[in-house]
Amino acid sequence: PPNKKETCRLPSPHRFHTETVGEGIVMKKRERRQEETGSQWINAMCELLKGGVLAGVVTIAALLLCAVLVSVGAVREQWLEGAVLACCVVGAMAGGLYAVRRLYGRTLLTGAGVGMILFLLLLTAGLLAYDTASVEQGGAGILCACLCGGTISGIFGRRPKKKRRR
């Protein structure tokens, strides 16, 4: 028959439909199978958590570097409050860039999500170490630093849009 439709089952997420248009003319159309919404949600959360863990590791490494610089005498202890906030921004930017590159779309929300995960990780570590955490102890500044670092990575980490051909 001239308009016979066949579906090739391949192990990849792509399916090809072949249509016989006329005598000896076969067209292949590629359709992309949509993943289930639940699996997309889980994949996105896993990438956000990976970005948050990377942000935590980078933040801890930067804080360790700051501690070494203070012990050597290269940095004064008075500057540590600003250095802690800067380390939070750098860590959130690193984790945010990772997550933004791995996920498509909604880059600003992705970066802010990584910043929030970093803040929650730091808050949890503070609670485990000191048995208390409050806003008066610098929590608001750390929250702002984490969110700013994440949103900066969301702004600068997005892929450029393709130019339309005319």
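Worth saying up front: this structure is predicted, and the values here are computed from it rather than measured.

*Asks:* Please clarify how a nonpolar patch on the surface should be interpreted in this entry.
*Replies:* A surface patch of nonpolar side chains, about 310 Å² in accessible area, is lined by M116, L120, L123 and L127. Relative accessible area serves as the criterion here: at 33%, L123 is assigned to the partly exposed category.

*Asks:* Just checking my understanding: could you explain the packing of helix 2 (residues 80–102) against helix 3 (residues 107–130) for this structure?
*Replies:* Each pair of packed helices gets described by two things: the angle between the helix axes and the distance between those axes. Between helix 2 and helix 3, the shortest axis-to-axis distance is 8 Å and the interhelical angle comes to 130°. When the interaxial angle is binned, helix 2 and helix 3 end up oblique. The handedness of the crossing between helix 2 and helix 3 comes out as right-handed. Where helix 2 approaches helix 3, its residues C88, G91, A92, G95, G96, A99 and V100 are matched on the opposing element by T107, T110, G111, V114, G115, L118 and L122. Residue composition of the contact of helix 2 with helix 3, by class: seven nonpolar, seven polar and no charged.

What counts, and at which threshold
- Residues numbered from 1 in each chain as written.
- Predicted model: local features only at pLDDT ≥ 70, side-chain atom pairs only at ≥ 80, totals over all residues.
- Heavy atoms only, no water.
- Patch = residues over 30% accessible without salt bridge, like charges linked within 9 Å, V, L, I, M, F, W, Y side chains within 5 Å.
- Areas by Shrake-Rupley, 256 points an atom, 1.4 Å probe, with all protein chains shown as cover.
- Salt bridge = Lys/Arg side-chain N within 4 Å of Asp/Glu carboxyl O.
- Buried < 20%, exposed > 50% of the residue type's maximum accessible area, 1.4 Å probe, protein only.
- Axes fitted to C-alpha atoms, helices over the stretch in contact; angles between N-to-C directions.
- Helix = DSSP H or I, 4+ residues; strand = E, 2+ residues; numbered from the N terminus.
- Parallel < 35°, antiparallel > 145°, perpendicular 65-115°, else oblique.
- Left-handed = near helix turned anticlockwise from the far one by under 90°.
- Contact = heavy atoms within 4.5 Å.
- Nonpolar A, V, L, I, M, F, W, Y, C, P; charged D, E, K, R; others polar.

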